[in-house]
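This is what each chain is made of:
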Amino acid sequence: MNEPETIETLRARIAYEKARTGYPQGFPALPEIPAQRYVAPEFYQLELTRLWQKTWLYAAHKDQFPEVGSYAAFDGVPGMPIIVVRTDDGFAAFYNTCAHRGGCLVTEKQGHCPGKRLVCGYHAWTYDFEGKLIGVPDQRDFANLDKSQRGLTRVRCEAWGGWLFINADPDAPLLQDCVRPLAPQLAQFDLDNLVLIDRYSYDCACNWKILMDAFAENYHFVSVHRGTVGLPGPKCAVEHRGTVMALYENGHSRNILPWNDGFEPRESASEETGFSMGMGGIGDIESVGPIPRTFITAFTCFPNLTTPVYANGFPLLLFWPTGVNTSRMDVVWMGMPHGEAELPDAWKDKIAQFNIILDEDLTYLPSVQKSAESPAFRSILVNYQERRIYHAHEQIDRVIGRDLIPEHLQVQPVLADMIE
């Protein structure tokens with residue numbers, strides 16, 4: 001959009017969406033998505049080698065590294081065991097693979113490397129934080145060993161606020177260039193000063209895209225969330241038909257969901273449910289502007305990060321493949337420093353309420369996967385409200401390379417003119 005968005009312009013767009021009686025004029029019809037993209041091993045292998053290894057992936061938050069030598073292991077994608085370590089001048093990332101016989105440099109999720117060294121536990125080959133091989137026990141027993149050629153394989157590591165991203169592709173654009181469509185809107189959330197509040201994960205019996213798709217549309221609210229945000233009738237907290245979406249370059253997108261007419265969540269209410277939860281005790285991110293305070297706002301950062309953003313803290317939802325028909329969702333909560341040794345009760349309540357919504361989504365998805373593996377599942381027909389799903393699929397094909405994807409597994413590019 002060329003003009004700055006305001007509450008008034010968004011209300012006008014919401015009113016248009018709610019008043020529509022048919023498919024929006026001028027928006028292209030969305031072709032069907034081949035079902036095999038969700039179940040075929042050959043497409044899954046393309047994703048492993050051509051998607052995940054060529055995109056910027058959230059790996060950790062700076063709070064996980066309290067001192068030089070602190071490390072965090074990344075295991076989000078099969079075939080990409082990576083370690084991120086805090087160095088004297090920032091952060092570095094390497095494959096967690098010794099150049100001797102492939103032993104893991106670290107075996108714990110998090111820890112500390114004493115002496116600013118990475119030491120393989122198998123045979124004690126030792127590396128510095130530049131990835132250089134600096135120590136080999138019994139080096140005399142290796143014929144013509146050139147240590148300068150046996151260093152660790154480095155992975156790019158760049159920061160967006162306190163969030164650390166990795167990319168295995170040395171030729172990929174800079175992280176700041178990739179997230180440029182989202183960065184100006186997320187800057188209001190004071191990313192440099194947010195702290196890590198909580199982390200937990202869910203294992204899911206479905207393809208990672210089935211999992212992620214569930215958080216890319218609001219069309220399911222009146223059925224899956226009937227007991228919470230999708231309460232039937234006038235008590236419904238949100239109006240999914242008024243959803244305003246924006247498609248951005250590089251596969252990113254935004255979702256704005258309005259509260260239902262006449263429904264006014266109280267100041268102490270949970271943004272997730274609209275019900276009073278006693279939110280006192282959670283620090284407000286004062287720099288947040290009026291749009292996220294007025295509407296339920298969520299962003300998707302391609303390929304696998306979705307965040308519903310709230311002015312008193314919010315979660316990053318990360319969707320990872322663990323197999324063709326299995327996945328994992330990491331939930332990483334961000335907020336302002338609370339200054340207490342333990343997590344305040346208000347935060348525990350907020351997270352518990354949000355998890356009610358997550359449970360409603362996750363309970364249904366394994367059955368979707370079972371259905372997807374049947375011969376009756378031939379294609380996916382997405383509607384206008386589900387256009388962020390199609391937008392992500394187009395970007396998946398662009399990153400993999402359409403020439404590498406069998407024709408029966410491709411999606412047709414139709415949304416280029418709809419990118420804001």
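Look up a bit, the structure's there.
These figures come from a predicted structure and were not determined experimentally.

Participant: In this structure, what is going on with the overall build of the protein chain? I would like to understand it.
Facilitator: Scanning the protein chain for helices and strands turns up nine helices and 19 strands. For a compact globule of 420 residues, the expected C-alpha radius of gyration is about 22 Å, and the protein chain comes in at 23 Å, within 12% of that figure. For the C-alpha atoms alone, the extent of the protein chain along its principal axes is close to 80 × 55 × 40 Å. Looking at the protein chain residue by residue over its 420 residues, the buried ones come to 55%. Look at the contacts in the protein chain between residues 6 or more apart in sequence, and 66% of them connect residues 24 or more apart. Summed over all atoms, the accessible surface of the protein chain reaches about 19,000 Å², with 50% contributed by carbon and sulfur. Here the protein chain contributes 37 positive and 53 negative side-chain charges, whose respective centroids are spaced 3 Å apart.

Participant: Help me understand unusual backbone geometry in this model?
Facilitator: For residues that are not glycine, phi is negative in most cases, and the peptide bond is trans in most cases. Residue Pro-303 follows Phe-302 across a cis peptide bond; omega there is 10 degrees. By secondary structure assignment, the location of Pro-303 is in the loop between strand S15 (296-301) and strand S16 (305-309). The backbone of Lys-116 sits at a positive phi, close to 55 degrees, despite the residue not being glycine. Take Lys-116: it is sitting in the loop between strand S6 (110-112) and strand S7 (118-119). Positive phi is not limited to glycine here, since Asn-144 has a value of about 60 degrees. Its location among the elements puts Asn-144 in the loop between strand S9 (133-135) and strand S10 (154-160).

Participant: Would you explain the environment of Ala-183 in this entry?
Facilitator: Along the polypeptide, Ala-183 turns up in helix H4 (residues 183-186). Separated by 178 residues in sequence, Ala-183 and Asp-361 place their C-alpha atoms 28 Å apart.

Participant: Explain empty space enclosed by the protein to me, please; I cannot follow it from the model alone.
Facilitator: To find leftover empty space, one rolls a probe the size of a water molecule over the atoms. One pass over the structure, following the stated rule, counts four cavities of 30 Å³ or more. Approximately 140 Å³ is the volume attributed to the second largest cavity. The wall of the second largest cavity is formed by 17 residues, among which Met-212, Asp-213, Arg-388, Ile-389 and Ala-392 lie closest to the centre. Only helix H5 (208-213) and helix H9 (387-400) provide two or more residues apiece to the lining of the second largest cavity. Per-element accounting of the lining of the second largest cavity gives the leading share, six residues, to H9. Tallied by class, residues from the lining of the second largest cavity come to eight nonpolar, six polar and three charged.

Participant: Explain the sheet that holds strand S3 (residues 70-74) here, please?
Facilitator: Each strand in a sheet pairs with its neighbour through backbone hydrogen bonds, running either in the same direction (parallel) or in the opposite one (antiparallel). The strand order across the open sheet formed by seven strands is S2-S11-S10-S5-S4-S3-S6, and the pairing between neighbours is antiparallel. Where the open sheet ends on each side, the last strands, each with one partner, are strand S2 (57-61) and S6. For this sheet, the mean angle separating the axes of adjacent strands, direction not counted, is 30 degrees. Bridging between strand S5 (residues 90-95) and S10 involves two bridges; their strand directions are antiparallel. What sits directly across from Ala-93, in S10, is Val-155.

Participant: Help me understand the packing of aromatic side chains in this model?
Facilitator: Counted under the stated rule, the structure contains 16 aromatic pairs. Taking 5.9 Å as the distance between ring centres and 90 degrees as the angle between the ring planes, the aromatic pair formed by Tyr-58 and Phe-165 counts as edge-to-face. Pair noted here: Tyr-58 is in strand S2 and Phe-165 is in strand S11 (residues 163-167), with a separation of 107 residues, a long-range link. By relative accessible area, Tyr-58 is classed as buried at 5%. Three or more aromatic residues joined by ring pairs form one cluster here, namely Trp-52, Phe-74, Trp-208 and Trp-320. The ring of Phe-27 has Arg-387 sitting right over it, with the charged end atom 5.8 Å from the ring centre.

Participant: Before we go on, may I ask you to explain the layout of surface pockets in this structure?
Facilitator: Of the volumes computed, that of the second largest pocket is approximately 540 Å³. Those elements that provide at least two residues to the lining of the second largest pocket are H5, helix H6 (221-224) and helix H8 (345-372). The element that contributes the greatest number of residues to the lining of the second largest pocket is H8, accounting for six residues. The residue inventory of the lining of the second largest pocket, partitioned by class, reads 14 nonpolar, three polar and four charged.

Participant: Any chance you could explain the environment of Val-399 here in plain terms?
Facilitator: Along the chain, Val-399 falls in helix H9. The sequence separation of Val-399 and Gly-251 amounts to 148 residues, and the corresponding C-alpha distance is 9.8 Å. Apart from the residues within four sequence positions on either side, Val-399 is in contact with Arg-50, Leu-51, Lys-54, Thr-55 and Phe-302.

Participant: Where do I start with the environment of His-338 in this structure?
Facilitator: Looking at the secondary structure, you find His-338 in the loop between strand S18 (326-335) and H8. Each C-alpha atom of the pair His-338 and Ala-372 lies 44 Å from the other, and the pair is 34 residues apart in sequence. Setting aside residues no more than four positions away along its own chain, His-338 makes contact with Ile-197, Leu-343 and Pro-344.

Participant: Please clarify how the nonpolar core should be interpreted in this entry.
Facilitator: Across soluble globular proteins, you tend to see nonpolar side chains buried next to one another. Grouped together as the largest cluster of nonpolar side chains are 108 residues, with contacts concentrated most on Trp-160, Ile-166, Phe-314 and Met-329. Looking at which element gives the most residues to this core, the answer is H8, with eight residues. Ignoring any residue separated from it by four or fewer positions in sequence, one finds Phe-314 in contact with Trp-163, Phe-189, Leu-191, Leu-194, Ile-285, Thr-307, Pro-308, Val-309, Val-332, Trp-333, Met-334 and Trp-347. Judged by nonpolar contacts, the second largest core, of 18 residues, contains Tyr-71, Ala-92, Phe-94 and Val-136.

Participant: Sorry if this is basic, but what is going on with the sheet that holds strand S17 (residues 314-323) here?
Facilitator: Spatially, the seven strands line up as an open sheet ordered S12-S18-S17-S16-S15-S14-S13, and their pairing is antiparallel. The outermost strands of the open sheet, each flanked by one partner alone, are strand S12 (195-204) and strand S13 (244-247). Direction aside, neighbouring strands of the sheet carry axes that sit 15 degrees apart on average. Docked against the sheet, H9 engages S13, strand S14 (253-257) and S15, running at close to 10 degrees with respect to S13.

Calculation notes
Residues numbered from 1 in each chain as written. Predicted model: local features only at pLDDT ≥ 70, side-chain atom pairs only at ≥ 80, totals over all residues. Heavy atoms only, no water. Helix = DSSP H or I, 4+ residues; strand = E, 2+ residues; numbered from the N terminus. Rg over C-alpha atoms; globule rule 2.2 N^0.38 Å. Buried < 20%, exposed > 50% of the residue type's maximum accessible area, 1.4 Å probe, protein only. Contact = heavy atoms within 4.5 Å. Areas by Shrake-Rupley, 256 points an atom, 1.4 Å probe, with all protein chains shown as cover. Lys, Arg positive; Asp, Glu negative; His and termini not counted. Charge placed at Lys NZ, Arg CZ, Asp CG, Glu CD. 1 Å grid on protein atoms, 1.4 Å probe; cavity = no way out; pocket = protein on both sides within 12 Å on 5 of 7 lines; lining within 4 Å. Points joined across faces, edges and corners; volume = space filled by probe spheres on them. Nonpolar A, V, L, I, M, F, W, Y, C, P; charged D, E, K, R; others polar. Pairing = 2+ DSSP bridges. Axes fitted to C-alpha atoms, helices over the stretch in contact; angles between N-to-C directions. Phe/Tyr/Trp six-rings, centres within 6.5 Å; stacked < 30°, edge-to-face > 60°. Lys NZ or Arg CZ within 6 Å of the ring centre and 35° of its normal. Core = buried A, V, L, I, M, F, W, Y, C linked by side-chain atoms within 4.5 Å.

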